[in-house]
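Single-letter residue listing:
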Amino acid sequence: MADETADQTSAQPVLQDLLFEGDFSPLPADMGFRGPVAHRVAGITYRQLDYWARTGLVVPEIREAGGSGTQRLYSFRDILLLRVVKRFLDVGISLQQIRVAIDHLRARGVEDLTEITLLSDGFSVYECTTANELFDLSKGGQGMFLISVSSVWREIEGTLSTLPSERAEFLVAEDSADELAARRRDRAV
């Protein structure tokens, strides 16, 4: 089993650490959504989507853009994270603070996505997993913004189920990352 897992891991490059371990997606692992769908469902612009992918905030888990003609494929988990980032931006949290929060959650290896509620006092982002933590965090009297990841999950799950998706194709050829080059090569034959 360990050898099998090692073989699967080496077959695909790891683009970024997963923020959430486990199978939280209602879709198959190789099913993804292209950028236009991902940015619409997340409620962000395509420019934001592209910038966040290039800077490593939310890198597409299924397929990164690999050259002319290829398109990123975002997983359900990626779109969930994009939507959470958008919610924090909407309440005035800086992108820098959001990056710190996401890096912290990745480093901690969060186990169950639906058990997390993220909080903010307008300057920092906090994680809350129990009612006692929520009470302790809000004790200072400052207003807190609550974002329940599970409620964001439910919102995008329904939306994504009605939108087009596609399976990732992992080609073995050396130029497989460049879909346009592959099409030209096939046409020439």
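Residue positions are counted from 1 within each chain, in the order its sequence is given. With pLDDT at 70 or above as the cut-off, local features in this predicted model cover only qualifying residues; side-chain atom pairs require 80 or more to be listed or tallied, and sums for whole chains, interfaces and linings still use all residues. As a rule here, side-chain values come from all non-hydrogen atoms in the structure, and water together with hydrogens is ignored.

Strands are runs of DSSP state E lasting at least two residues, helices are runs of H or I lasting at least four, and both sets are numbered from the N terminus onward. Within the chain one finds 8 helices and 6 strands. Ordering the α and β elements of the chain from the N terminus gives α-β-α-α-β-α-α-β-β-α-β-α-β-α. Between buried and exposed lies partly exposed: a residue is buried under 20% and exposed over 50% of the maximum accessible area for its type, with that area taken using a 1.4 Å probe on protein chains only. Expressed as a percentage of its 189 residues, the buried residues of the chain come to 34%. Contacts between residues were defined by any pair of non-hydrogen atoms, one from each residue, lying within 4.5 Å. Here the contacts in the chain between residues at least 6 apart in sequence split such that 69% fall between residues at least 24 apart. When the accessible surface of the chain is split by element, carbon and sulfur atoms take 52% of a total near 11,100 Å². Each accessible area is a Shrake-Rupley estimate made with a 1.4 Å probe; only the visible protein chains count as cover when residues are assessed.

What follows deals with the confidence of the model for the chain. A residue's pLDDT is the predictor's confidence in that residue, given on a scale from 0 to 100. Of all residues in the chain, 67% have pLDDT values of 70 or greater, and the mean over the chain is 74. When mean pLDDT is taken per element in the chain, helix H3 (residues 46-54) scores highest with 94 and helix H1 (residues 2-11) scores lowest with 43. Low pLDDT, under 50, characterises residues 1-18; the predicted model gives this stretch 14 contacts beyond four residues in sequence or across chains.

Further remarks concern helix H2 (residues 35-42). In terms of residue burial, H2 counts as a mostly covered element, since 6 of its 8 residues are buried. Within H2, the full set of buried residues consists of Gly35, Val37, Ala38, His39, Val41 and Ala42. Buried positions along H2 lie against strand E1 (31-34), H3, strand E2 (73-74), helix H4 (76-90) and helix H7 (149-160).

Let's shift gears to the sheet that holds E1. One open sheet accounts for 3 strands, arranged E2-E1-E6; its pairing is antiparallel. Edge strands, defined here as strands with exactly one partner in the open sheet, are E2 and strand E6 (166-167). Orientation is described by lines fitted to C-alpha atoms, with helices fitted over the stretch in contact, and by angles between N-to-C directions that extend from 0 to 180 degrees. The strands touched by H2 are E1 and E2; relative to E1, the strand with the most contacts, the crossing angle is about 85°. Pairing between strands is defined by DSSP: at least two bridges between them are needed.

Attention now goes to the packing of H3 against H4. Two elements in contact, H3 and H4, have axes separated by 12 Å at closest approach and are oriented at 110°. Overall, the two elements H3 and H4 adopt an arrangement that is roughly perpendicular. Of the two possible hands of crossing, H3 and H4 adopt the one that is right-handed. Mapping the contact onto sequence places Gln48, Leu49 and Trp52 in H3 and Leu82, Val85 and Leu89 in H4. Roughly parallel here means an angle under 35 degrees, roughly antiparallel means over 145, roughly perpendicular means 65 to 115, and every remaining angle is called oblique. For any pair of crossing helices, the crossing counts as left-handed if the nearer helix is rotated counterclockwise from the farther one by less than a right angle, and right-handed if it is rotated clockwise.

In this structure, Glu155 sits in helix H7. Distance from Glu155 to Leu80, taken between C-alpha atoms, is 9.2 Å for residues 75 residues apart in sequence. Once you skip the residues sitting within four places of it in the chain, Glu155 turns out to touch Arg83 and Arg87.

Now for the nonpolar core. Tyr74, Ile79, Leu82, Val85, Phe88, Leu118 and Leu160 are the most contacted members of the largest nonpolar core, which totals 34 residues. Listed by contribution, the elements that provide at least two residues to this core are H2, H3, H4, helix H5 (95-108) and H7. Of all the elements, H4 adds the most residues to this core, at 8 residues. Beyond its immediate stretch of four places on either side in the chain, Tyr74 contacts Gly32, Phe33, Gly35, Ala38, Leu49, Ala53, Val58, Pro60, Ile62, Ile79 and Leu82. Residues belong to a common nonpolar core when they are buried Ala, Val, Leu, Ile, Met, Phe, Trp, Tyr or Cys residues joined through side-chain atoms within 4.5 Å.

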